[in-house]
Amino acid sequence: MGFYLRKSVSVGPFRFNLSRSGIGVSTGIKGFRVGTGPRGNYVQMGRGGLYFRTTLPSESQGVRNPPPTVQPPVDAPDGLEEIESGSTLGMVDSSSVALLAEINSKATRMRLWPFAVIASVVLLGSLAALRSPAWVFCVVFPLCCGSVYAASLRDRLKKTVVLFYEMEPQFEEAYQRLHNAFEQMRTCHKRWHVEAKGDVGRLHEWKTNAGADALVRRKPVTFGQGTPPYFKTNVAVPTIPAGRQTLYLFPDRLLVYAPEGVGAVSYDSLNVTTGDERFIETTGVPGDAQVVGQTWRYVNKSGGPDRRYRDNSEIPIAIYAGFQIVSRSGLRESFQLSKAGTGSAFKNAVSNLAAVLGQRAAVAAEAFATCPCNNCSGHIEFPLGGMGQTIVCPHCGLETLLFKPAVK
């Protein structure tokens, strides 16, 4: 499965176009469009061949990094230990501060279209109660529809984050490997999110649970491709639902969406573990699963059938693939796949992508320099190829010369 890398995305009537020199924005209809060129209002971040450009900038002035929050183990009412990630507000890696500030800032903006709908209904109801002439409704009703549409369009423009990626071949290959591994997991007949897990301690529990050593609570999930709400990007993004959170595997980081906010985890801080698991299946074995044995629903001490139960039937033991995603910042999710051995390719793809990002960042760091502005106290980071050029300082707005300071 190949992932696409589009050169334009649309938000309402506006189209954002990516070129080598930046982002242009246009609007209109086919055959007649107006817009602004790549030197308009945008922010470019990144280095080493993988860049992202954001538009519709946030009005926030800054973000303070909250301390990492790790969710302590919680015992569920059934005695199982909940497998739950910590708060996304603590999942902030140093390279994602600006992006998370924009996402969280726009996510908290109030939507106007519900108020426009309510106001329109109240207005039309008042006109009906006053027995207004029909021509009044003919005038007011289109105006109400227009106001609702305008409010909806305003919400999309104000709340949507537009994120463009450009990739060098090495990054494309690494991200393609991640997509291929994700597609293997996606095509499994069954996928589950493991919500809780606990060991079987008492003999009675062991007997009445088919001789299982551990119990799990899980829910079927669907792996897919998509983007978060109010988010536009030019790449296909693998998506993994994980209970109250949703994981989005972007090219340069993992974004975690939850009701309380959005977090980010870099691939080099992810710990993906995989391994095959024996699972006593009571709800039907998927077609691609491997059955390795049988047991009884109720067993005695020797492992045979407990004759005290009349409905004591044999149930299959299958081999499933399990994988866990953990980070130091509090991410902790566990999954199960019906086809054994599937998760190892995903683990290797994440490790490879992290290595490529790290190598390229190290090389790119040597190709950049930082110099002070000739007019203010601000500092400017720039590629060494731009040395000697005159640019406009982003801090004071005056022209300044790019140079490499002497090493003291």
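So, here is what we can say about the structure in this document.

1. Quick look at the pairing of strand β23 (residues 379-383)
Step number 1: Side-chain alternation along β23 places Ile380 and Phe382 on a buried face and His379, Glu381 and Pro383 on a face that remains uncovered.
Step number 2: Relative to β23, strand β22 (residues 368-372) runs antiparallel, the two being bridged by five bridges. Within β23, the residue paired with Pro372 across the bridge is His379.
Step number 3: Where β22 hands over to β23, the hairpin turn is made up of six residues, counted between the paired strands.

2. Let's talk about the nonpolar core
Step number 1: Counting residues in each nonpolar core, the largest one holds 49 residues, and the members touching the most others are Leu178, Phe223, Leu255, Tyr267 and Phe346.
Step number 2: In contact with Leu178, other than residues within four places in its own chain, are Leu249, Tyr267, Phe346, Ala349, Val350 and Leu353.
Step number 3: By size, the runner-up hydrophobic cluster in this structure holds seven residues, among which are Cys373, Ile380, Cys393 and Leu402.

3. Looking at the sheet that holds strand β16 (residues 254-258)
Step number 1: The antiparallel open sheet is built from five strands, whose spatial order is β12-β14-β15-β16-β17. Two strands bound the open sheet, and with one partner strand each, they are β12 (224-225) and β17 (261-265).
Step number 2: Bridge count between strand β14 (residues 238-242) and strand β15 (residues 245-249): four bridges; the pairing is antiparallel. Within β15, the position partnered with Thr239 by the bridge is Tyr248.
Step number 3: Helix α1 (residues 97-107) contacts β16 and β17 of the sheet and is inclined by roughly 165 degrees relative to β17.
Step number 4: Contacting β12, β14 and β15, helix α4 (residues 169-186) crosses the sheet at an angle of about 50 degrees to β14.

4. A word on unusual backbone geometry
Step number 1: Of note in this structure, Arg131 is not a glycine but carries a positive phi near 55 degrees.
Step number 2: Among the structural elements, Arg131 can be located in the loop between α2 (113-129) and α3 (134-159).
Step number 3: Overall, Arg131 belongs to the exposed group, its relative accessible area being 75%.
Step number 4: Despite not being glycine, Tyr230 has its phi angle at roughly 55 degrees, a positive value.
Step number 5: Structurally, Tyr230 is set in the loop between β12 and β13 (231-233).

5. Examining the packing of aromatic side chains
Each aromatic ring pair is characterised by the separation of its centres together with the angle its planes make.
Step number 1: Overall, the coordinates contain ten aromatic pairs when judged by the stated rule.
Step number 2: Aromatic pair Phe231 and Phe250: ring centres 5.3 Å apart, planes at 55 degrees, arrangement tilted. A residue pair is termed long-range when its members are at least 10 positions apart, and Phe231 in strand β13 and Phe250 in the loop between β15 and β16 qualify at 19 residues.
Step number 3: Looking at Phe250, the relative accessible area reads 0%, which means it is buried.
Step number 4: When the centroid spacing of 5.1 Å and the interplanar angle of 20 degrees are considered together, the rings of Phe323 and Phe335 count as stacked. A residue pair is termed long-range when its members are at least 10 positions apart, and Phe323 in strand β20 (residues 314-327) and Phe335 in strand β21 (residues 332-337) qualify at twelve residues. Comparing Phe323 with Phe335 shows no difference in burial state: the two are buried.
Step number 5: Above the plane of the ring of Tyr230 lies Lys159, whose end atom (NZ or CZ) is 5.3 Å from the centre.
Step number 6: Over the aromatic face of Trp192 sits the side chain of Arg218, whose NZ or CZ is 3.9 Å from the ring centroid.

So, how was this worked out
Residues numbered from 1 in each chain as written. Predicted model: local features only at pLDDT ≥ 70, side-chain atom pairs only at ≥ 80, totals over all residues. Heavy atoms only, no water. Buried < 20%, exposed > 50% of the residue type's maximum accessible area, 1.4 Å probe, protein only. Helix = DSSP H or I, 4+ residues; strand = E, 2+ residues; numbered from the N terminus. Pairing = 2+ DSSP bridges. Core = buried A, V, L, I, M, F, W, Y, C linked by side-chain atoms within 4.5 Å. Contact = heavy atoms within 4.5 Å. Axes fitted to C-alpha atoms, helices over the stretch in contact; angles between N-to-C directions. Phe/Tyr/Trp six-rings, centres within 6.5 Å; stacked < 30°, edge-to-face > 60°. Lys NZ or Arg CZ within 6 Å of the ring centre and 35° of its normal.

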